[in-house]
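# Per-entry structural report
The chain contents come next:
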Amino acid sequence: MFLLHRPTQILVEILELSDLFDPFKTQVLGMAHAGEELQDPALFTKVEMGFPSEESLPICWLDGHYREHLHLGQHKMAVS
């Protein structure tokens, strides 16, 4: 899966999808696709990632306590 690293506007291939879907993990292992040479894998902060269409990641991938926030009426949108 490819996501957009918003600060650099570079596409990143996510190498460990289970870390992406785990709301208790704050970083994911990915490989930036910039330039002609293959980049080394690196850790990327999930809140800095989004879909290439500029949509935010689902809150359930970012916040392990999102259901509690919904119950309390304190649901926060993902970082844009």
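Here the structure is shown first, and the text comes after it.
What comes next concerns the included structure. (Residues numbered from 1 in each chain as written. Predicted model: local features only at pLDDT ≥ 70, side-chain atom pairs only at ≥ 80, totals over all residues. Heavy atoms only, no water.)

Once that is clear, we can look at the overall build of the protein chain. On a plain count of helices and strands, the protein chain comes out with three helices and five strands. The linear arrangement of helices and strands in the protein chain, starting from the amino end, is β-β-α-β-β-β-α-α. Burial status across the protein chain gives 28% buried among its 80 residues. A separation of at least 24 residues holds for 36% of the contacts in the protein chain among residues at least 6 apart in sequence. Summed over its atoms, the accessible surface of the protein chain is roughly 5,400 Å², and 56% of this surface lies on carbon and sulfur atoms. (Helix = DSSP H or I, 4+ residues; strand = E, 2+ residues; numbered from the N terminus. Buried < 20%, exposed > 50% of the residue type's maximum accessible area, 1.4 Å probe, protein only. Contact = heavy atoms within 4.5 Å. Areas by Shrake-Rupley, 256 points an atom, 1.4 Å probe, with all protein chains shown as cover.)

This part covers unusual backbone geometry. You will see that Q9, though not glycine, has its phi angle at about 60 degrees, which is positive. Take Q9: it is sitting in the loop between strand 1 (2–5) and strand 2 (10–14). With a phi angle near 80 degrees, E54 is a residue other than glycine that sits in the positive phi range. Mapping E54 onto the fold places it in the loop between strand 5 (49–50) and helix 2 (59–62). Judged by relative accessible area, E54 falls into the exposed class, the value being 56%.

Once that is clear, we can look at the sheet that holds strand 3 (residues 27–33). If you walk across this open sheet you meet the five strands as 4-3-2-1-5, and the pairing is antiparallel. Unpaired on one side and paired on the other, strand 4 (42–45) and strand 5 mark the two borders of the sheet. (Pairing = 2+ DSSP bridges.)

Another aspect to go through is the packing of aromatic side chains. Within this structure, the stated rule accounts for two aromatic pairs. Put simply, the rings of F21, F51 and W61 pair up and form one aromatic cluster. (Phe/Tyr/Trp six-rings, centres within 6.5 Å; stacked < 30°, edge-to-face > 60°.)

As for its position among the elements, H5 is in strand 1. Engagement of the side chain of H5 in a polar contact is seen with the side chain of T8, the distance being 2.8 Å. For H5, the side chain forms a polar contact with the side chain of E48, separated by 3.0 Å. (Polar contact = N/O pair within 3.5 Å; in protein donor to acceptor, adjacent residues only side chain to side chain.)

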